[in-house]
Amino acid sequence: MKLPRNKLLAEPPAGASSDIAFILIVFFLVCASVQPEQGRPQEIPKTEEEPDKQEKNKNPEVELTRTVVILNGDPLTDKSFASRLNGLLAGKRNTEDKVVMLKSRKDVSYERWIEFTGLIEKAGGIVTLQLEEEQVQVVN
Amino acid sequence: MKIPKRSFEASVPSMAMGDIAFLLLIFFVILAKAQDDSHLRWEPAADEELEQASNYKASVVIDVKNKTYLNGRPIAQAQLEGALSDLLGDAEPTKRTVLLKVHKDATVLQFEPVIEAVSKSGGEIHHVLEQERK
């Protein structure tokens with residue numbers, strides 16, 4: 001003879017469903033709000049109207065274009081740039097001597113700019129932006 | 001003969017507590033979203049050694065369409081320096097960090113004025129980048 005089994009009703013209490021929903025929402029919110037804010041801090045000296053002439057002569061000047069990088073007037077490949085700059089900055093202990101003037105062409109991408117400013121900082125240089133002044137021409 | 005008054009029970013139903021909490025949560029989320037920039041589309045440039053940003057006061061985004069945003073709201077580049085100066089106020093030097101989230105294909109024309117504005121307002125720049133894959 002087969003004995004009938006007792007069917008046990010195992011339902012979660014309905015009163016707790018709102019608490020479960022609340023905890024789930026908080027969980028997903030925390031997951032969503034954690035955005036990676038990793039990156040690179042950069043110290044850029046404040047802009048000066050007219051750079052000191054003496055400083056201009058002794059500090060390395062880098063001109064960045066879309067395809068080449070020009071260091072003190074010499075066009076270089078991306079690979080040789082780091083070693084040349086390391087050589088120029090080696091042995092310089094004063095902060096003023098480590099300043100590297102960076103002039104970028106208007107079509108240079110942020111990705112390329114970040115790569116080269118990173119190389120300058122790795123070599124111990126302090127990036128100073130050389131901005132082109134806007135020239136207003138009045139046409140009669 | 002004194003007729004006893006019938007006392008009515010007026011309690012807040014405990015079942016509604018979850019709903020109230022839920023609505024409050026949505027309210028605060030919407031408030032927080034107003035200063036958030038997670039809805040903006042931009043792709044970070046890559047670098048090898050990255051640091052975690054801390055104590056940042058503001059974030060400036062240049063998105064895929066080369067538009068500039070301050071704390072998630074569109075702003076003209078000419079107004080950025082003033083707006084940042086107001087935001088940074090008299091904060092300590094260690095608490096003047098400004099996050100810079102620039103789309104990797106943006107050009108000097110777009111991001112150099114932003115860097116200049118942050119620098120002039122006395123902010124400390126922190127470029128937000130992704131880890132370089134080898």
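On the side of chain B, 42 residues touch chain A, which itself brings 30 residues to the contact. Its largest share of buried area at the contact with chain B, chain A owes to A:Glu37, A:Gln38 and A:Tyr110, together 24% of the area lost on that side. Applying the counting rule to chain A against chain B returns two salt bridges. The partner of B:Glu48 in a salt bridge is A:Lys122, and the shortest N-O contact between them spans 2.9 Å. For the pair chain A and chain B, the number of links is 14 residue pairs in polar contact (both at pLDDT 80 or more). Elements that contribute at least two residues to the side of chain A that touches chain B include exactly helix H1 (17-33), strand E1 (38-42) and helix H4 (110-122) of chain A. Pairing between E1(A) and strand E7 (residues 124-128) of chain B: four bridges, direction antiparallel. Paired with A:Gln42 across the strands is B:Ile125, a residue of E7(B).

Should their charged atoms come close, side chains of opposite charge can pair. Residues and elements named next belong to chain A. With the rule as written, the count across this model stands at nine salt bridges over all chains. Two residues, Asp74 and Arg84, come together in a salt bridge whose shortest N-O distance is 3.0 Å. In this pair, Asp74 sits in strand E4 (residues 74-76) while Arg84 sits in helix H3 (residues 78-89), placing the two residues ten residues apart along the sequence. Its relative accessible area of 35% is what places Asp74 among the partly exposed residues. Accessibility expressed as a relative area gives 38% for Arg84, which makes it partly exposed.

Rules and cut-offs
Residues numbered from 1 in each chain as written. Chains lettered and ligands numbered in written order. Predicted model: local features only at pLDDT ≥ 70, side-chain atom pairs only at ≥ 80, totals over all residues. Heavy atoms only, no water. Contact = heavy atoms within 4.5 Å. Buried area = accessible area lost by both parts, 1.4 Å probe. Salt bridge = Lys/Arg side-chain N within 4 Å of Asp/Glu carboxyl O. Polar contact = N/O pair within 3.5 Å; in protein donor to acceptor, adjacent residues only side chain to side chain. Helix = DSSP H or I, 4+ residues; strand = E, 2+ residues; numbered from the N terminus. Pairing = 2+ DSSP bridges. Buried < 20%, exposed > 50% of the residue type's maximum accessible area, 1.4 Å probe, protein only.

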